[in-house]
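# Examining the three-dimensional arrangement
So the chains spell out like this:
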Amino acid sequence: MKPASIPVALAIALAVSACGDKQPPALQGYAEGEYVRVAAPFAGTLVSLDTQRGAQVQPGAALFALEAENEDAARREAAQRLRKAGAMVEDLRKGKRPTEIESVRAQLAQAEVSAAYSEKEWRRQLDLVSRGFVSQSRADEAKASRDRDRDKVVELANSLATTRAGARPDEIRAAEADAAAAREALAQADWRLRQKSVATAIGGTVTETLFVRGEWVPAGAPVISILPPANVKARFFVPEAQVGAIRLGQSVRLACDGCGEPIAATISFVAPQAEYTPPVIYSKDNRTKLVFLVEARPAAGDATRLHPGQPVDVSLP
């Protein structure tokens, strides 16, 4: 080898060695957030907005309230109906009061006296008819009065027995069913009233307030948008040649401008099909155009360092 060619050969060897130690290029992606949009199931005027954009909220924190006059009135009505149904059940279980039983017994005693008198009067009229002092019609009238008084005795005797026995089991069960229905109606009214004051079930950052106080909010319309830390993820695209080495649960590292140290994340989703499919049949030449969407989620503590829409560089192990 000529002396002049030695530096050239050395440079080529160093270049080849440097290329062999070079890490694979980072994949391009971006941060994305899955927002939780909080709404009420009923319509109403927004009377209270208890948070603002950028605020950090914890689970159970009050977010907003809608006017609830109608629901409050419905709840009071349901409570009164429940009290009425409960009182009816208690009344049936107690039966008649002693004074009511004594009243029916007194009526029965009066009817028995009247029936005894009617019996004597009828026999007296029969005697007078047999001796020709009165017509047969007088005896018939006396007999009708006797029969009526006898029936009255039977009626009051049955009424006294019914009064002493109290309400029938079927009536009590029907009243208890009415009370149970009233109780469920009160629970429904309570639920409707609670839905007018909305609290968050998750913690996170309030990213948007979509209504202001005094505005009419349609039923089901989101009022507050929240981004929980666990809902932040990175989305990136893996070439077809590398997707076979990607596995769910695999660790990756995320880097972004101003993020400081790389962020560890775990792959949570790999698309089952390519994002961009060439319009012609696959070949070795156009397979390099295929990329697959992959999602990775950082830990909740690191997720706050990412902002939706922010570009990230993803390094595979």
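The structure we're discussing is the one just above.
Described in the following lines is the structure provided in the data block. (Residues numbered from 1 in each chain as written. Predicted model: local features only at pLDDT ≥ 70, side-chain atom pairs only at ≥ 80, totals over all residues. Heavy atoms only, no water.)

## Describing the state of the cysteines
The full count for this structure, using the stated rule, is one disulfide. In this model, Cys256 is linked to Cys259 through a disulfide, with the two sulfur atoms separated by 1.4 Å. The disulfide joining Cys256 to Cys259 has a torsion of about -85° about its S-S bond and is therefore left-handed. Classification of Cys256 by relative accessible area gives buried; the value is 13%. (Disulfide = S-S within 2.5 Å. Buried < 20%, exposed > 50% of the residue type's maximum accessible area, 1.4 Å probe, protein only.)

## Looking at the packing of aromatic side chains
Taken as a whole and assessed by the stated rule, the structure comprises one aromatic pair. With 5.7 Å between their ring centres and 80° between their planes, Phe42 and Trp191 make a pair best called edge-to-face. Taken together, the residues span a long stretch of sequence, with Phe42 in the loop between strand 2 (36-39) and strand 3 (44-49) and Trp191 in helix 5 (residues 169-194) at a distance of 149 residues. Here Phe42 falls in the buried class, since its relative accessible area comes to 18%. (Phe/Tyr/Trp six-rings, centres within 6.5 Å; stacked < 30°, edge-to-face > 60°. Helix = DSSP H or I, 4+ residues; strand = E, 2+ residues; numbered from the N terminus.)

## A closer look at the nonpolar core
In terms of nonpolar packing, the biggest core is built from 25 residues, with Phe236, Val238, Val252, Leu254, Leu306 and Val314 touching the most fellow members. A per-element tally of this core places strand 10 (residues 232-239) first, with four residues. Val314 has contacts with Ala26, Leu27, Phe236, Val252, Arg253 and Leu254, leaving out every residue within four places of it along the chain. Membership of the second largest hydrophobic core comes to 16 residues, among which are Phe64, Val217, Val223 and Ile224. (Core = buried A, V, L, I, M, F, W, Y, C linked by side-chain atoms within 4.5 Å. Contact = heavy atoms within 4.5 Å.)

## A closer look at the sheet that holds strand 6 (residues 197-199)
With antiparallel pairing, four strands are arranged side by side in an open sheet as 6-5-3-8. What marks the edges here is a single partner per strand, and that holds for strand 6 and strand 8 (216-217). (Pairing = 2+ DSSP bridges.)

## Here's the deal with the environment of Gln188
Tracing the backbone shows Gln188 in helix 5. When its relative accessible area of 52% is taken as the criterion, Gln188 is described as exposed. As a C-alpha pair, Gln188 and Ala78 span 110 residues in sequence and 9.0 Å in three-dimensional space.

## Let's talk about the pattern of salt bridges
The full count for this structure, using the stated rule, is 20 salt bridges. Put simply, Glu121 and Arg124 hold a salt bridge, and the shortest N to O gap is 2.4 Å. Note that Glu121 and Arg124 are positioned in helix 3 (residues 98-130) at a spacing of three residues, about one turn of the helix. Its relative accessible area of 42% is what places Arg124 among the partly exposed residues. In this structure, Arg235 and Glu295 form a salt bridge, with 3.2 Å as the shortest nitrogen-oxygen distance. On the criterion of sequence distance, the pair formed by Arg235 in strand 10 and Glu295 in strand 13 (residues 291-298) is long-range, its members being 60 residues apart. (Salt bridge = Lys/Arg side-chain N within 4 Å of Asp/Glu carboxyl O.)

## What to know about the side chain of Arg235
Owing to a relative accessible area of 17%, Arg235 belongs among the buried residues under this scheme. When sequence neighbours within four positions are dropped, the list of residues in contact with Arg235 reads Gly29, Tyr30, Glu32, Leu293, Val294 and Glu295.

## Overview of helix 2 (residues 69-94)
Taking 1.5 Å as the rise per residue, helix 2 with 26 residues should run 38 Å; its terminal C-alpha atoms sit 38 Å apart, in good agreement. Within helix 2, burial applies to Glu71, Ala78, Ala79, Ala85 and Val89. (Expected span 1.5 Å × (residues − 1).)

## Re the packing of helix 2 against helix 5
For any two helices packed against each other, one specifies the inter-axial angle together with the distance between the axes. Taken N-terminus to C-terminus, the directions of helix 2 and helix 5 make an angle of 160°; their axes are 8 Å apart at the nearest point. Between helix 2 and helix 5, the angle falls in the class roughly antiparallel. Note that helix 2 runs across helix 5; the crossing there is left-handed. Grouping the constituent residues of the contact of helix 2 with helix 5 by class yields 15 nonpolar, one polar and eleven charged. (Axes fitted to C-alpha atoms, helices over the stretch in contact; angles between N-to-C directions. Parallel < 35°, antiparallel > 145°, perpendicular 65-115°, else oblique. Left-handed = near helix turned anticlockwise from the far one by under 90°. Nonpolar A, V, L, I, M, F, W, Y, C, P; charged D, E, K, R; others polar.)

Remember that the coordinates give geometry; whether it matters functionally is a separate question.
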